[in-house]
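As a plain string of letters, each chain reads:
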Amino acid sequence: MGLNWSLKELYESFESVEFKNDMNSLTEEINEINNWIEEAVKHYENVLEKLEEYLNKYIKLEELISKLGQFIELSISVNTKDTEALKNSDIFEKKLTYLVKGSTKIERYISEIEDIDSIIEKSSLLKEHAFLLKSIVEDSKYLLSEKEENIIANMRNTGSNAWSKLKDNLISSLTVEMTEGGKVKEYPLTVVLNMAYDKNEKVRKKAYEAEIKSYKKVEEGVAAALNGIKGEVLTVCELRGYESPLEETLLNSRMDEESLNAMIEAMKESLPVFRKYLRRKAEILGHKNGLPFYDLYAPINNANMNFTYDEASKFIVKNFRTFSDDLADFAQKAIDNNWIDVEPREGKVGGAFCQGIHTLGESRILLNFGGSFGDVVTMAHELGHGFHGECLKNESILNSDYPMPIAETASTFCETIIKKAAIKDVKHKEALAILETEICDCTQVIVDIYSRFLFEKSVFEARKESALTVEQIKGLMIEAQKEAYGDGLDEKFLHPYMWAWKPHYYDANYNYYNFPYAFGLLFAKGLYAEYLKKGEDFVSEYEKLLSITGKNKIADITKEVGIDIHDKEFWKNSLKTIEEDIEEFIKMSKKH
């Protein structure tokens, strides 16, 4: 069991013959599909055969693009200064721009096919990809001309893609200075962020102050990146005819506004209960005016909840097995085969993510594991994403891409399994610590996510007028935190720079990457309630649900398990399970 992931299953290196051959093949494949499209769109004869041929070519090309792109991106994520990876990333992105002209033509062609439904019915390949084909028809109204689409794709390489890389580079190479024993020590940001979980309040407070101070070194560059990306998004949205970036995100998420509003309303109504929890945690930690930001993740007692990576792995596999052997066996496979990059180090990006590699039927998981119970939960969360990919691996690559809100379902479900199983295993003190960790995580996903949603909305509004200064951005962040957390947090200790290191604001293709987490948590809570009702019978239903997420709208996916996401009551019932945990925590915390 290694601590660094293995990418050799994709390519040995950037110098390898296979990688170089595939980069050359990419140019050839793109030219070939473009030439084929030029001929195909000239008339509407043999439409069925053309659609089949297009899908076969598209699948082959998509597999090649995924393999190359994932090797490049995964290499950069563990070493943002890898010059070979960065050079190849630029070359790769440039090559992809040559796809735009052809894909615009074929999408327009498909959108104008008469009675496409009856053609789809005549072919098993087309039926398998019916959702994709019908989505092309629906999305065609937002398509621009070939020339305009081409310009946007090319400009992105020197626009939002370049800004995003700059931000990654600034944040991953940012060192935080802390004084220890009279000497100034430098730490990578990822290590300092992990100090928020430290048992010692002085360490937590010092780390928070040093972290906030460190952003001064990069704030102008990161703010420029945010302004550049959000400005581009607004321009492109207007060109395409979307009402707002939020409308575009909802359409891409295969979700409707009615569902989002029902969920957000239920979240807003639940905020007082979360504030009650935050004030109780503040009392336990000896604070009088609500919780200071640096103690959001503080352990509330000295329960020994530290884990080595090996202990975390065994703990996760054992508890996953209480749900299903498939899930446990998947986790063991990921651990044994070096699919996980474990520890923080300089040059490695912060946070955690899982990248499904559909061409291999595998995943790669990035962690910044520090040994806390929270890190164990994060590992379970990312393995949940990996298991989602496992359930999709027999689908066509074109049916393996699921929308953002449903993306957080399997991951959050796995967290719930771990926490619920762990509480049963331990004494009062540890049970209280685990319950508090669960509520703390839920607070992040409901309250903090709500603040991020408000923040992004206000950034877009302000950016319509002009670029924002660092002070304006910080002001909007603080306003959003006050509105969401209320008297749960001490207003003297908020976090004006939460926008600086969170990666979710810096991808022009994924705006509002915040509410999907709340959706995932609350939908997973609803699913877990179904599991408790149905027991083992639910396991196959759950795996089937995950396997269809790439080829359905969200409301249709949730109907599979009898859930109506337009109904505010569903969201309130899911939130009620967290509210019950909060009441239980307050009661337990008063027992000694």
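Please read these numbers as outputs of a predicted model, since none were measured by experiment.

A. Representation of the nonpolar core within the structure. Within the largest apolar cluster, 156 residues are counted, with the highest numbers of intra-cluster contacts made by F320, F373, L383, F413 and W499. When residues no more than four places from it in sequence are discounted, the contact partners of F373 are M305, F307, F315, I418, K419, A422, I434 and T437. In terms of nonpolar packing, the next biggest core, distinct from the first, is built from 49 residues, W5, Y54, A85 and I397 among them.

B. Layout of unusual backbone geometry. Residue R254 is not a glycine yet carries a positive backbone phi of 55°. Counting through the fold element by element, R254 comes out in the loop between helix 13 (245-252) and helix 14 (257-284). A positive phi angle is found at Y512, which is not glycine, with a value near 55°.

C. Looking closely at the packing of helix 2 (residues 47-78) against helix 3 (residues 83-97). Closest axis-to-axis distance for the helix 2/helix 3 pair is 9 Å, and the angle between their directions is 150°. Here helix 2 runs over helix 3; the crossing is left-handed. Listed contacts from helix 3 to I65, L68, G69, I72, E73, S75 and I76 of helix 2 are A85, L86, N88, S89, F92 and L96. Split by residue class, the contact of helix 2 with helix 3 holds eight nonpolar, four polar and one charged.

D. Quick look at the packing of aromatic side chains. Summed over the entire model, instances satisfying the criterion amount to 43 aromatic pairs. Aromatic side chains Y294 and F493 sit 5.5 Å apart centroid to centroid with 85° between the ring planes, which places their arrangement in the edge-to-face category. One end of the pair, Y294, is in the loop between helix 14 and helix 15 (309-320); the other, F493, is in the loop between helix 21 (470-485) and helix 22 (498-501), with 199 residues separating them in the sequence. Taking the relative accessible area as the measure of exposure, F493 reaches 22% and is therefore partly exposed. Among the aromatic residues, ring-to-ring pairing joins F323, F413, Y528, Y531, F538 and Y542 into one connected group.

E. Spatial organisation of the sheet that holds strand 3 (residues 340-341). Strand order across the open sheet formed by three strands is 3-5-4, with mixed pairing between neighbours. The open sheet has two free edges, formed respectively by strand 3 and strand 4 (353-357), since each of these has just one partner strand. Here two bridges tie strand 3 to strand 5 (residues 362-366), and the two strands are oriented parallel to one another. Paired with I340 across the strands is I365, a residue of strand 5. Sheet strands in contact with helix 2 are strand 3, strand 4 and strand 5, and its direction is about 160° off that of strand 4.

F. Quick look at the pairing of strand 1 (residues 175-180). Here strand 1 pairs with strand 2 (residues 183-188) via six bridges, running antiparallel. Considered in strand 2, the bridge of M178 is made with K185. Here strand 1 folds back onto strand 2 in antiparallel fashion, the turn holding two residues, of which G181 has a positive phi close to 55°.

Here is what the cut-offs are and how they apply
- Residues numbered from 1 in each chain as written.
- Predicted model: local features only at pLDDT ≥ 70, side-chain atom pairs only at ≥ 80, totals over all residues.
- Heavy atoms only, no water.
- Core = buried A, V, L, I, M, F, W, Y, C linked by side-chain atoms within 4.5 Å.
- Buried < 20%, exposed > 50% of the residue type's maximum accessible area, 1.4 Å probe, protein only.
- Contact = heavy atoms within 4.5 Å.
- Helix = DSSP H or I, 4+ residues; strand = E, 2+ residues; numbered from the N terminus.
- Axes fitted to C-alpha atoms, helices over the stretch in contact; angles between N-to-C directions.
- Left-handed = near helix turned anticlockwise from the far one by under 90°.
- Nonpolar A, V, L, I, M, F, W, Y, C, P; charged D, E, K, R; others polar.
- Phe/Tyr/Trp six-rings, centres within 6.5 Å; stacked < 30°, edge-to-face > 60°.
- Pairing = 2+ DSSP bridges.

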